[in-house]
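Here is what each chain is made of, one letter per residue.
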Amino acid sequence: MQDLNDLLYFAEVVDRGGFAAAGRALGVPKSRLSRRVAELEARLGARLLQRTTRKLSLTAVGEQFHRHCVAMREDAQAAEDAVAQAQTEPRGIIRVACPVTLAQTTLGPLLPQFLARYPQVKVDLRISNRPVDLVEEGFDVALRVRSTLDDSGSLVVKNLGTTQTLLVASPAQLARQGVPKTTADLARLDTVSMSAADGRTVWDLLGPDGTTYSFQHRPRYVADDLLTLKLAVLRGTGICLLPDYMCSDEIRDQSLVRVLPDWAPRPSIFHAVFPSRRGLIPAVRRFLDFLGEAVLREGVAHPAMTAMP
């Protein structure tokens, strides 16, 4: 049976730049490490390291193997941390970055409950729509709502759920301009939007059976804040795309109406990103678990939470 320690030894040798440094960190003689890595290469039938008198470098297959070894090491550490966190009262400061609308509609109502559950934890919440660099700016976690996770780079991603953006209007506007029956009818309705390049914007909608429609229009009103746009929609200024967690109450009480309900943008992913699983303090782990449980129970909108004083 394969000795998993060999994978750990290999990862440490690579990460620390040589056998001597890895031996000091692990408390294992350099000669034993060299022998174990050589035996590992022989068992795999592949050279993982290029050895010279001055340095070590990874072969192409060694680079792939190293990534898996690092993942195994971090998962093993995470398993130990899971036991430790169950035995440790979470404490300390969590630094969180969150977009404006998500903070106002979802995270804001939830955080008091989290803090009441864990009295030794403090939260430093920074609310902004600008992209943040977690490592450079010292954040533990950033919350995001995006259509894809491809731009998360080397960050670890925790998927918390999906959200849907809806095309909505006020009953007053629809009474004034008519209820659209087809996508072509959208052209006769006033619109409001987050942005407009050269006065124009495009909404890409997904319809029945996977059909798509790109609605190009000139918004009457542009604002880079969704709450501001929502107020305009409620007053009949124009139709708009709003996330479901921001307008579910208004749709329920019919102060907003879905327009062409079979058409909407592709769902977005509500997720948390953080630098590494390894070394997460118990408070951050509990925070991520708390968010995952809350979204699973209530959905991103948390209708029961938004009524709290």
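Counting restarts for each chain: residues are numbered from 1 in the order of the written sequence. Only residues with pLDDT of 70 or above have their local features reported here, since the model is predicted, and side-chain atom pairs are shown and tallied only from 80 upward, although totals for entire chains, interfaces and linings are computed over all residues. Excluded from the side-chain calculations are hydrogens and water; all other atoms, namely the structure's heavy atoms, are used.

Peer 1: Please explain the overall build of the protein chain as it appears in this structure.
Peer 2: The helix and strand inventory of the protein chain stands at 11 helices and 14 strands. The C-alpha radius of gyration of the protein chain comes to 26 Å, more than 25% above the 19 Å expected for a compact globule of 309 residues. For the protein chain, the spread of C-alpha atoms along the three principal axes comes to 85 × 45 × 35 Å. Going through the 309 residues of the protein chain one by one, you find that 42% of them count as buried. Across the protein chain, the fraction of contacts at a sequence separation of at least 24, relative to all contacts at a separation of at least 6, is 71%. Residue burial considers only the protein chains on display, and all accessible areas are found by Shrake-Rupley using a 1.4 Å probe. Accessible surface, the protein chain: about 16500 Å² in total, of which carbon and sulfur atoms supply 51%. Secondary structure elements follow DSSP: runs of H or I of four or more residues count as helices, runs of E of two or more count as strands, with numbering from the N terminus. With C-alpha atoms as the basis for the radius of gyration, the globule rule is written as 2.2 Å multiplied by the number of residues raised to the power 0.38. Here's how the labels work: a residue is buried when its accessible area is under 20% of the maximum for its type, exposed when over 50%, partly exposed in between, all with a 1.4 Å probe on protein chains only. Throughout, a residue-residue contact means that at least one pair of heavy atoms, one from each residue, lies within 4.5 Å.

Peer 1: Whenever I open this one, the layout of surface pockets confuses me. Can you help?
Peer 2: A 1.4 Å probe that fits into a set of points on a 1 Å grid over the protein atoms alone but cannot get out defines a cavity; an open set with protein on both sides within 12 Å along at least five of seven lines defines a pocket, and lining residues are those with an atom within 4 Å of a point. Grid points are joined across faces, edges and corners, and a volume is the space filled by probe spheres set on the points. Considered as a void within the structure, the largest pocket measures approximately 1000 Å³ in volume. Lining the largest pocket we find 37 residues, and of these Val145, Arg146, Met194, Leu226 and Ser268 sit closest to its centre. Elements that contribute at least two residues to the lining of the largest pocket include exactly β3 (92–98), α5 (100–117), β5 (141–146), β8 (192–193), β9 (201–206), α8 (226–234) and β12 (240–243). A per-element tally of the lining of the largest pocket places β5 first, with five residues. Of the residues belonging to the lining of the largest pocket, the class tally is 20 nonpolar, 10 polar and seven charged. Residues are grouped as follows: Ala, Val, Leu, Ile, Met, Phe, Trp, Tyr, Cys and Pro are nonpolar; Asp, Glu, Lys and Arg are charged; all remaining types, including Gly, are polar.

Peer 1: How should I be thinking about the sheet that holds strand β7 (residues 165–169) in this particular structure?
Peer 2: Sheet strands pair via backbone hydrogen bonds, and the direction of the pair is either parallel or antiparallel. A sheet is described by the order of its strands in space; here three strands give the open sequence β12-β7-β13, paired in antiparallel fashion. Edge positions in the sheet fall to β12 and β13 (257–258), since each of these pairs with one other strand and no more. A pair of strands is treated as paired once DSSP finds two or more bridges between them. Here four bridges tie β7 to β12, and the two strands are oriented antiparallel to one another. Its bridge partner being in β12, Leu166 is matched across the sheet by Leu242. Comment: axis = line fitted to C-alpha atoms, over the contacting stretch for helices; angle = value between 0 and 180 degrees taken between N-to-C directions. Across the sheet, α8 lies against β7 and β12, angled at about 125° from β12, the strand it touches most. This element, helix α9 (residues 244–252), spans β7, β12 and β13 of the sheet and lies at about 105° to β12.

Peer 1: What should I look at first to understand the confidence of the model for the protein chain in this one?
Peer 2: Detailed reading of the predicted model is not advised wherever pLDDT is low. Predicted confidence across the protein chain gives a mean pLDDT of 86, with 91% of residues reaching 70 or more. Across residues 302–309, where pLDDT falls below 50, the model places 17 contacts with residues more than four positions away in sequence or in other chains. pLDDT runs from 0 to 100 and stands for how confident the predictor is about each residue.

Peer 1: For this particular structure, what's the right way to read the pairing of strand β10 (residues 212–217)?
Peer 2: The two faces of the sheet receive side chains in turn, since in a regular strand these alternate between them. As defined by bridge partners, β9 adjoins β10 across six bridges and the pair is classed as antiparallel. Bridge pairing in β10 places Trp203 opposite Phe215. A loop of five residues connects β9 with β10, the two strands running antiparallel in sequence, and Asp209 in this loop sits at a positive phi of about 60°.

Peer 1: Please clarify how the pairing of β3 should be interpreted in this entry.
Peer 2: Note that β3 and strand β4 (residues 121–127) share seven bridges and pair parallel. The partner of Ile93 across the bridge, within β4, is Lys122. Considered for its hand, the β-α-β crossover made up of β3, α5 and β4 is right-handed. With two bridges connecting them, β3 and β5 associate as parallel partners. Counted as the bridge partner of Ala97 is Ala142 from β5. Note on handedness: a crossover is taken as right-handed if, strands pointing away from the viewer, the path from the first strand over the helix to the second is clockwise.

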